[in-house]
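The residues making up each chain are set out below.
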Amino acid sequence: MIKRRPSIQDPAAESQMFNQRALFGFAVVMICFLVVVFNQYKLQVVMHDHYVTRADGNRIKLIPQPPNRGLIYDRNGILLAENRPIHSVELIPEQVKNIPEMLAELAKLIEITPERQQEFLKEVKYHRRFVSIAVKEHLTEQEVAIIAVNQHRLPGVTLEARLTRHYPYGELFTHAIGYIGKINAKELDKLEEEGVTANYAASRDIGKIGLERYYESQLHGQVGFQQVEVNNRGRVIRILDSKPATSGDDLILSIDMHLQQKAKELLGENRGAIVAMDPRDGAVIAFYSNPSYDPNLFVHGISGKNYRELLESPDRPLVNRVTQGVYPPASTVKPHMAILGLENGTVTEQSRIADPGFYKLPNYSRPYRDHVKWGHGWVDVYTAITKSCDTYFYDLAVKLGIDRISDYMKKFGFGSRTGIDVMEESAGLMPSKEWKRARHKQNWFPGDTVSLGIGQSYWSTTPMQLALSTAILLNDGLKPTPHMGRYFRNQSKDTSLIAPLERVIEVKNPNNWRISKEAMRQTLMVQGGTGFNAFKGISYSAGGKTGTAQVINMAANQKYDANAIREVHRDNAMFIGYAPAENPTISLTVTVENVGGGGANAAPIARKMMDYYFTRQSAAGAQP
Amino acid sequence: MNVLKDPGHKGLLAKLHLDGPLLAGLLLLCITGLFVLYSASGQHWDMMAAHSTRLVVAFGAMLFLAQVKPQTFSFWAVPLFLAGTAMLVMVLAFGHVGKGAQRWLDLGFMKFQPSEVMKLAVPMAVAWYVSSHPLPLKFRHLIIGFIMCAIPTVLIQQQPDLGTSILIFVAGIFVLFLGGMSWRIITALALIIPVGCYTMWLFVMHDYQKRRVLTFINPESDPLGSGYHIIQSKIAIGSGGFEGKGWMHGTQSQLEFLPERHTDFIFSVFSEELGMIGVLFLLALYAFIIARGLIIASRAQDNFSKLLAGSITLTFFVYVFVNIGMVSGLLPVVGVPLPLVSYGGTSMVTLMAGFGILMSISTHKRLLAQQ
C-alpha cells in the first residue's frame, strides 16, 4: 500500500476547503429540495383538480343494470308474455379451495356432463379469480332445490337467477306477440343509428317479430346504473351510487286469449288465418295464423335443426298468414263492389240483370262462368250478394272499368298496409293499368276487369286487409287503425294506443251503405243465402259474405273437381262476417287454404267464433 | 468541566458511540416509514414484520459499525474495494439471474448482492486514496480517483442495474468533489456530461432503460405500457392535494392502481394520503439528517473521515432526490428506493451501515485527538 505523506499537508486550509465544499453541497441539496417542493406544489395544488378527475376515472366505473321488460296481457288480464327467472349454479374460483374437488361434489348432486366439467376447468383459467363462472345454466326446479339445501356444504358456490322472456301459451300467440332473441349485429347497427345503444348496455335481447318488435322501445324500459368503486383489476370494492333501471311499460292487448284459443281449435290441422276485430275502433280480438310454432325456442337461441325444420316445412309455419298471407279476396269483396256500383249509378237498388250462367264480353266469344251453371235468372243487387252471383259482378266490373275499381278499392285499404302493430305485413295488391304495364309489360285486357269483379285476377289481399275493409264498410266509410295493443301501463299512468277513426270514403248517398249491409245480413239470415246454412239458428243477428278463391286458373271449359286436383291447388275458403247485424261489435275474417267453398268451410268457423264470443259475453254480463 | 468530560460519566448514547440528533432523525424517519408501509402494503402484517426485522438488523449493523474506529475503515478500504470488484466480475460470470438482471451471487448458504458492498467500499477506497494526498487534489490523482469510481460503475451497469451504478458512481465523485476537485474541471464536466449521456444512450444503455427514458420524457405516449407507472404515480400525488386523502384512504394506492406502491413508489402513497403538508414534513426530516451528516463530516478530525462522512451523506441525499424525482415525473424511473421508507432489504442495511460509519466518525474523534 502507498505510504501516507502527512508532512506536506496543511490541515487548516484543507479543513476550510472541505467546509466550503460541504456548504456548497448543502446549498445544492436545498435547491434540489426546493425544486421538489415546487413540483409537488404544481402537482398537488395547481393541477390538483385535474388529477382528482383522473383518479376518479380510475376507480369509478358504471355498471349498467338491465331493465325488466314490460309484460304483455290480454284484454282479460291474462299474462301472455312474462319474465321468468332462469337459474344457474355458479362458482367463484377465489372462494373455492379445490376447484376440481368442488366440481366433483356438484356433479354428485346434479348432472354435469364430463365434457362440461372439462370445459368449466378451462374457463376457470381464462377468468379473473373473483368473477363468478356458471357451472351449469337452465337448472330445473329440482336442481335448484338440491343446490339450495346443500348450499352450506358448498362454500363459493352460488345460485344465480336471471330474468328471461317466457311465453306461457307457446305457439298460440307467436304471430301476434312474436318473441325476443339475442341482439344481432344488424340490430346493434340500428340501435346505434337511433342513438340508443347506451340504453341497451345491459340488455341481451330485443324484440324480433310481432308486438315484441313493434313496441320494442316501450317494452324495453330504461337501463339503470350502478356507480361502483373498483380496484386495478376491476373488482368491485363498494357501491357509490345507483340509479335503478326503469322497467318497460306493460302492454295490455285487445286480444282475448279464449277467443284466440277457439280460433286455433277451429282451424285444427288446416292452414289459414282468423282475425276477429271490433269494427268500431279496429281493436283486434283474435289474431291467429295456422300452423304456428313455439316462440320459446327462439328466446334461448333455436337449434339449427329445429330452425331448418320450421323453414323447410311445406306448411310454412314461419309465415304470418294474417298479415303476410296474400290471397285473392274472391266474392268477399262483392259488397264493396256493390257500394261502388251504387255510388257510381251503374246499378241501383232496383236494377236487375238476367243471368244465363255465364258472362260474355261484347265482341268476345269466351264465356265467364258463374258458379251456378244454369244461372240465377233475374238478379238485383241483394240477390247478387246473397247468392254471390258472379255474372252480376262481371257485368258491373266491366261497366265500371279498371280505373274506377282500382281507385275506389284502394280507399278500402286494398293494396296498402293496414298499419296493424306488427311489422311483418304485406301490402297485398290492388291492380291497375299502370301496375300491369310496369310489372308485366302488358296492356290491361278487358278480360282482366271481368274477373276483378269477383275478386280474382291479380287482386290479392291479406286477411287483415279484408278485416279492415269490412270495418270501413260497417263504419260507413270511417277507417279505424287496426291494433292489438290497447294501452301501455306503468306505475303512474295508462297510455292509450287507440287512434281516432279517419274518414276515407265519402258517399253521395248514405243509403248505399245500408243496401250493402242489408244484403250481407240476408246472406246469413235468409234462406238461400250462401251463409244461411252455416248460421242457421243463431241467437243473435249477423251479416257476412262468403268467398271461394280459385288458386289456379281454370280453362274456360274445365270443370272444377276437388278430388281430381292436388290438395294445394284446391280452392281457398273465405268469409267475412259481423254481429250483431244492426250495431256490430265483432267482425270476423276467416281464410282457410285449400279446403274448398267458403260457405261450407269458412262460414261455420266464423259462426262458432261468434257463438263463443257472445256466450262468453253474456256469461260475463250475467256474473259481473 | 472536568467532571462533565470524565469518560466515566458519559451518557448512554456516548457509551454506545451514537450521535443523538442523527439517531433521533433516523428513528423518526423509520417510524414514519412504518406507518406509510402499513397503508401502502394494504395492512399486510407479514410485510410489516419482515420490514421491522430488517430495521432491527439494519440498526444492529449501524450500532456495530459505530463501535469501529475510523482508522479501521481506512485500513480495510482498499481490500474491501478489491474484493468487491472481484465479486462484481464473478456476478457477471456466474451470477444468479432474477427479474431479468444478474445481481446476486449465490454463496451456497446465502444469496449476496456485491453491489451493495460497493456502495460503501467505493467511497471508502476513494476517500482513502484522496486523503493520502494533499488537498486540493492534483489532476492525475483526480484521474486515478475517477477510474476507481468508474470500474465498479461500469460492472454494475452491465448487470444491468442503472440505479445502483449511478449511486455508486456519485458516491465516489462526491469524495473527489469534497476533496477539492477544481471548479474548472467541474465546469468542464458539466459540459462533457450531456455528450457522455448521449454516448451512453448510443452504446451503453439497454433497451428497457432507453424505453424508461423515452416514457419519462412523454409518459402519456404509452399509457398502458411503460408510461403507466409514472402516470398512475402522478395521478396519486396530484389527487392527494394539499391536505391529502388521509392515512389509508388513498384511492390510487388502496385500489392498487399504483404499481410498486410499497417499494419504489411509496412516496406516491405518502403524497396521496398525507398531501403536501406531509411531503414538507418528510423533506424537512431528510434535510435535517443531511445537515446533521454534513456537520459530522465538517467536525471530523482527519480527511479520510471528513470525505467518507460527506460522501455518505450526499449519496443519501441522491437516493432521496432520485426516488422523489422519478415518482413525481422530474427524473426517469431508474429503480431507486426511498431511503429507510421503501420496503426492501439490502439497501436499508447498507444505508444504516453508512450511518453507522457516520456515528463512528462523530463519536471517535476525541479519542483520535488524544492519540
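Residues numbered from 1 in each chain as written. Chains lettered and ligands numbered in written order. Predicted model: local features only at pLDDT ≥ 70, side-chain atom pairs only at ≥ 80, totals over all residues. Heavy atoms only, no water.

Caption draft 1: How the structure looks around the overall build of chain B. In terms of regular secondary structure, chain B is built from 16 helices and 3 strands. Going through the 371 residues of chain B one by one, you find that 56% of them count as buried. Put simply, 72% of the contacts in chain B that link residues at least 6 apart link residues at least 24 apart. As presented, chain B carries roughly 15,600 Å² of accessible surface, and 70% of it is formed by carbon and sulfur atoms. (Helix = DSSP H or I, 4+ residues; strand = E, 2+ residues; numbered from the N terminus. Buried < 20%, exposed > 50% of the residue type's maximum accessible area, 1.4 Å probe, protein only. Contact = heavy atoms within 4.5 Å. Areas by Shrake-Rupley, 256 points an atom, 1.4 Å probe, with all protein chains shown as cover.)

Caption draft 2: Representation of the overall build of chain A. Across its full length, chain A holds 23 helices and 23 strands. In summary, chain A has a C-alpha radius of gyration of 38 Å against a globular reference of 25 Å for 624 residues, an excess of more than 25%. Projecting the C-alpha coordinates of chain A onto the three principal axes gives extents of approximately 155 × 55 × 50 Å. Long-range contacts, defined here as pairs at least 24 residues apart, represent 72% of the contacts in chain A between residues at least 6 apart. Taken as two groups, the 74 positive and 65 negative side-chain charges of chain A have centres that lie 3 Å from each other. (Rg over C-alpha atoms; globule rule 2.2 N^0.38 Å. Lys, Arg positive; Asp, Glu negative; His and termini not counted. Charge placed at Lys NZ, Arg CZ, Asp CG, Glu CD.)

Caption draft 3: Summary view of the pattern of salt bridges. Residue and element names in this part refer to chain A. Within the structure shown, the criterion is met by 35 salt bridges over all chains. Residue Glu-171 is joined to Lys-264 by a salt bridge in which the shortest nitrogen-to-oxygen separation is 2.5 Å. Residue Glu-171 is located in the loop between β5 (157–166) and α6 (174–177), and its partner Lys-264 is located in helix α10 (residues 257–267); the two are separated by 93 residues in the primary sequence. Residue class for Lys-264 comes out partly exposed when judged on its relative accessible area of 28%. Salt-bridge contacts for Arg-514 lead to Glu-349; the nearest nitrogen and oxygen are separated by 3.3 Å. Remark: Glu-349 occurs in the loop between α13 (334–344) and β13 (353–355) and Arg-514 occurs in helix α20 (residues 511–525); sequence separation between them is 165 residues. Assessed through its relative accessible area of 21%, Glu-349 is described here as partly exposed. One salt-bridge network, in which partners are shared between bridges, spans Asp-56, Arg-59, Glu-229 and Arg-238. (Salt bridge = Lys/Arg side-chain N within 4 Å of Asp/Glu carboxyl O.)

Caption draft 4: Focus on the packing of helix α5 (residues 70–94) of chain B against helix α6 (residues 114–131) of chain B. Residues and elements named next belong to chain B. Between α5 and α6, whose axes approach to 8 Å, the crossing angle comes to 140°. Relative to α6, the element α5 lies oblique. Where α5 crosses over α6, the two elements pack in a sense that is left-handed. Two secondary-structure elements touch here, α5 through Phe-73, Ser-74, Ala-77, Val-78, Leu-80, Phe-81, Gly-84, Thr-85, Met-87, Leu-88 and Val-91 and α6 through Pro-114, Ser-115, Val-117, Met-118, Ala-121, Val-122, Met-124, Ala-125 and Trp-128. Of the residues in the contact of α5 with α6, the class split is 16 nonpolar, 4 polar and no charged. (Axes fitted to C-alpha atoms, helices over the stretch in contact; angles between N-to-C directions. Parallel < 35°, antiparallel > 145°, perpendicular 65-115°, else oblique. Left-handed = near helix turned anticlockwise from the far one by under 90°. Nonpolar A, V, L, I, M, F, W, Y, C, P; charged D, E, K, R; others polar.)

Caption draft 5: Region of interest: the packing of aromatic side chains. One pass over the structure, following the stated rule, counts 29 aromatic pairs over all chains. For the pair A:Tyr215 and A:Phe488, a centre-to-centre distance of 5.3 Å together with 85° between the ring planes defines the contact as edge-to-face. With A:Tyr215 in the loop between α8 (210–214) and α9 (216–220) and A:Phe488 in strand β18 (residues 485–489), this residue pair connects regions lying 273 residues apart in the sequence. Overall, the relative accessible area of 3% leaves A:Phe488 in the buried class. Aromatic side chains B:Phe75 and B:Trp76 sit 5.5 Å apart centroid to centroid with 90° between the ring planes, which places their arrangement in the edge-to-face category. Each member of the aromatic cluster is reached from another via a ring pair, and the members are A:Tyr179, A:Tyr293, A:Phe298 and A:Tyr307. Between A:Arg21 and the ring centre of B:Trp183, over which it is positioned, the NZ or CZ distance is 4.6 Å. The residue whose ring lies beneath B:Arg54 is B:Tyr343, and the NZ or CZ to ring-centre distance is 5.0 Å. (Phe/Tyr/Trp six-rings, centres within 6.5 Å; stacked < 30°, edge-to-face > 60°. Lys NZ or Arg CZ within 6 Å of the ring centre and 35° of its normal.)

Caption draft 6: Looking closely at the interface of chain B and chain A. Contacts between the two partners involve 59 residues from chain B, matched on the other side by 42 residues from chain A. A buried area of about 4,400 Å², summed over both sides, lies between chain B and chain A, and 69% of it is on carbon and sulfur atoms. Inspection of the region where chain B meets chain A yields 0 salt bridges. The interface formed by chain B and chain A holds 14 residue pairs in polar contact (both at pLDDT 80 or more) in total. Within the residue set of the side of chain B that touches chain A, elements represented by two or more residues are α5, α6, α8 (162–178), α9 (183–204), α11 (228–240), α12 (251–254), α13 (266–299) and α14 (303–327) of chain B. Top contributing element to the side of chain B that touches chain A by residue count: α13(B), with 14 residues. A per-class count over the side of chain B that touches chain A returns 35 nonpolar, 19 polar and 5 charged. (Buried area = accessible area lost by both parts, 1.4 Å probe. Polar contact = N/O pair within 3.5 Å; in protein donor to acceptor, adjacent residues only side chain to side chain.)

Caption draft 7: Main features of helix α5 (residues 141–150) of chain A. Residues and elements named next belong to chain A. Looking at α5, one finds that the buried residues are Glu-143, Val-144, Ile-147 and Asn-150. Viewed end-on, α5 has its buried residues packed into an arc of 140°, placing them on one side of the element. Across from the buried face of α5, at angles greater than 90 degrees, the exposed residues are Glu-141, Gln-142 and Val-149. The inward-facing, buried residues of α5 abut β3 (79–91), α3 (99–109), β4 (133–136) and β5. (Arc of directions from axis to C-beta.)

Caption draft 8: Representation of the layout of surface pockets in the model. In this structure, the largest pocket encloses a volume near 1,800 Å³. Surrounding the largest pocket, 47 residues form its lining, B:Ile166, B:Phe169, B:Val170, B:Ile173 and B:Ile193 being those nearest its centre. Looking at the lining of the largest pocket, the elements with two or more residues in it are α1 (11–46) of chain A together with α7 (139–157), α8, α9, α10 (207–217) and α14 of chain B. It is α9(B) that provides the largest number of residues to the lining of the largest pocket, a total of 11 residues. Taken together, the residues of the lining of the largest pocket sort by class into 38 nonpolar, 8 polar and 1 charged. (1 Å grid on protein atoms, 1.4 Å probe; cavity = no way out; pocket = protein on both sides within 12 Å on 5 of 7 lines; lining within 4 Å. Points joined across faces, edges and corners; volume = space filled by probe spheres on them.)

Caption draft 9: Looking closely at empty space enclosed by the protein. Residues and elements named next belong to chain B. What the rule picks out here adds up to 3 cavities of 30 Å³ or more. In this structure, the largest cavity occupies an estimated 140 Å³ of space. Lys-119, Leu-120, Pro-123, Ala-171, Ile-312, Thr-315, Phe-316, Tyr-319, Thr-350, Leu-351, Gly-354 and Phe-355 together form the lining of the largest cavity. Elements with a minimum of two residues in the lining of the largest cavity: α6, α14 and α15 (345–363). A class-by-class count of the residues in the lining of the largest cavity yields 8 nonpolar, 3 polar and 1 charged.

Caption draft 10: Geometry of the environment of B:Gly238. The residue B:Gly238 is located in helix α11 in this model. Residue classification places B:Gly238 among the buried positions, given a relative accessible area of 0%. Discounting residues that sit within four places of it in the chain, B:Gly238 has contacts with A:Leu43, A:Gln44, A:His48 and A:Tyr51.

Caption draft 11: Layout of the environment of A:Thr348. All names here are of chain A. Within the fold, Thr-348 resides in the loop between α13 and β13. Relative accessible area serves as the criterion here: at 38%, Thr-348 is assigned to the partly exposed category. Sequence separation between Thr-348 and Ile-515 is 167 residues; the distance between their C-alpha atoms is 9.8 Å. Sequence-distant contacts of Thr-348, that is, excluding residues within four places in its chain, are made with Leu-342 and Val-381.

Caption draft 12: Highlighting a nonpolar patch on the surface. A cluster of nonpolar residues, A:Tyr41, A:Val45, A:Val46, B:Phe242 and B:Ile277, forms a patch on the protein surface that exposes about 460 Å² of accessible area. The leading source of residues in the nonpolar patch is α1(A), at 3 residues. As for its position among the elements, A:Val45 is in helix α1. When its relative accessible area of 32% is taken as the criterion, A:Val45 is described as partly exposed. (Patch = residues over 30% accessible without salt bridge, like charges linked within 9 Å, V, L, I, M, F, W, Y side chains within 5 Å.)

Caption draft 13: Layout of the sheet that holds strand β23 (residues 586–592) of chain A. All names here are of chain A. A sheet is described by the order of its strands in space; here 5 strands give the open sequence β12-β11-β23-β22-β21, paired in antiparallel fashion. Single-partner strands in this sheet number two, and they are β12 (283–290) and β21 (543–549). Strand-to-strand twist across the sheet, computed as the mean angle between neighbouring axes with direction ignored, equals 5°. Sheet analysis places strand β22 (residues 572–579) next to β23, joined by 7 bridges and oriented antiparallel. When the sheet's bridge partners are listed, Ile-576 is paired in β23 with Thr-589. (Pairing = 2+ DSSP bridges.)

Caption draft 14: Spatial organisation of unusual backbone geometry. Cis peptide bonds are those with omega within 30 degrees of zero, and the linkage from A:Asn290 to A:Pro291 qualifies with 0°. For A:Pro291, the location among the structural elements is in the loop between β12 and α11 (296–299). Backbone torsion omega between A:Ala579 and A:Pro580 reads -15°, so that peptide bond is classified as cis. Among the structural elements, A:Pro580 can be located in the loop between β22 and β23. Look at A:Asn594: it is not a glycine, yet its phi comes out positive at around 55°. By the secondary structure assignment, A:Asn594 is in the loop between β23 and α22 (598–601). A residue is classified by how much of its surface remains accessible, and A:Asn594, at 6% relative accessible area, is buried. With a phi angle near 50°, B:Glu260 is a residue other than glycine that sits in the positive phi range. Considering the arrangement of structural elements, one finds B:Glu260 in the loop between α12 and α13. Accessibility expressed as a relative area gives 40% for B:Glu260, which makes it partly exposed.

These figures come from the coordinates and say nothing about function on their own.
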